[in-house]
Amino acid sequence: MMNKKYLTIAIPKGRLGDESIEMLKKIGYARPVNLKSRKLVFIDEKQKIKYMIVKSIDVMTYVNQGVADIGIVGKDNILEEELEVYELSNLSFGYCKFVIAGFKDSKHHLQDERLRVATKYPNMTAKYFNEKNQKIEIIKLNGSVELAPLVGLSDVIADIVETGGTLKANGLEIIEEMYDLSAKLISNRVSYRFNFEKINDLIKKLNQVMEDVSNDENNRKRS
Ligand code: PRP
């Protein structure tokens, strides 16, 4: 794991992937990466960086195992996986909320004994309801969670909402907001020590580009 030739970065597929690559390209990284191709590994020989394209939820596993030194991941996956990685940086994209959603009248049933909650995030959901001392039944799904209340598989869902489009298209609404989430840069704990300079250089550049973007936005608002 240590003393490797390349710094290895795990990039999530899907909606976080595009924004990750866009931000990395702005600071001169990820040059060879093309998310439209079916290739899963891209090597930048000049910078000695290897990019691995993995399913969002698996970024945690690759980084925790040290196969990837660092990775970009949603806070939802960090909370769900409960693995020991360093959270190095808040990234200014991937903003969303983790919510309970359902039909309008499910508000009145939220405290019901054995509330049936469908979710891709069983750990986060269990923790939230445990803290409220409420016993619920968790129905673990892997996607299209919004379908569950529509067909009577669950009373409500616990899921992430970004634009709200999926809820709306399925006649559901937010019943309760649980956590605000966004993308994070994470690192394997050992890799961080062995690649300290390279990783910190990347963090500095990321922080700089985020600061520039936020200054630009503020200037635009003022003018
Ligand atoms: C996520 C999430 C919601 C949707 C929310 O699913 O689980 O279903 O996005 O986004 P919105 O508020 O912008 O509509 P994803 O699209 O990743 O697909 P999945 O159902 O296959 O997990």
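No experiment lies behind these values; they were computed from the predicted model shown. (Residues numbered from 1 in each chain as written. Predicted model: local features only at pLDDT ≥ 70, side-chain atom pairs only at ≥ 80, totals over all residues. Heavy atoms only, no water.)

A.B. asks: Hey, could you run me through the sheet that holds strand 5 (residues 86–90) in this one?
C.D. replies: Think of a sheet as strands paired side by side through backbone hydrogen bonds, with each pair either parallel or antiparallel. Reading across from one edge, 2-3-1-4-11-5 is the order of the six strands in this open sheet, with mixed pairing throughout. Each of the sheet's edge strands pairs with one partner strand only, and the pair in question is strand 2 (41–44) and strand 5. The mean angle between the axes of side-by-side strands here comes to 25 degrees, regardless of whether they run parallel or antiparallel. Where strand 5 lies against strand 11 (residues 183–187), four bridges are found, and the strand directions are antiparallel. (Pairing = 2+ DSSP bridges. Helix = DSSP H or I, 4+ residues; strand = E, 2+ residues; numbered from the N terminus. Axes fitted to C-alpha atoms, helices over the stretch in contact; angles between N-to-C directions.)

A.B. asks: Quick question: what am I supposed to make of a nonpolar patch on the surface here?
C.D. replies: Taken together, the side chains of Phe-103, Leu-147, Leu-150, Val-151 and Leu-153 present a nonpolar region at the surface, about 420 Å² in accessible area. Locating Phe-103 in the fold gives a position in the loop between strand 6 (96–102) and strand 7 (115–119). (Patch = residues over 30% accessible without salt bridge, like charges linked within 9 Å, V, L, I, M, F, W, Y side chains within 5 Å. Areas by Shrake-Rupley, 256 points an atom, 1.4 Å probe, with all protein chains shown as cover. Salt bridge = Lys/Arg side-chain N within 4 Å of Asp/Glu carboxyl O.)

A.B. asks: Help me out: how do you make sense of the site of the ligand in this one?
C.D. replies: Around the ligand lies a shell of 13 residues, among which Lys-120, Glu-146, Asp-159, Thr-163 and Thr-166 are the nearest. At 2.6 Å from an oxygen atom of the ligand is found a side-chain nitrogen or oxygen belonging to Glu-146. Interatomic distance of 2.4 Å between a side-chain N/O atom of Thr-166 and an oxygen atom of the ligand. Contact with the protein chains hides 72% of the accessible area of the ligand, taken as 500 Å² for the molecule alone. Elements with a minimum of two residues in the shell around the ligand: strand 9 (156–161) and helix 6 (165–169). Top element by residues in the shell around the ligand is strand 9. It accounts for three residues. (Near = heavy atom within 4 Å. Polar contact = N/O pair within 3.5 Å; in protein donor to acceptor, adjacent residues only side chain to side chain.)

Everything listed here is a matter of geometry and, on its own, says nothing about what the molecule does.
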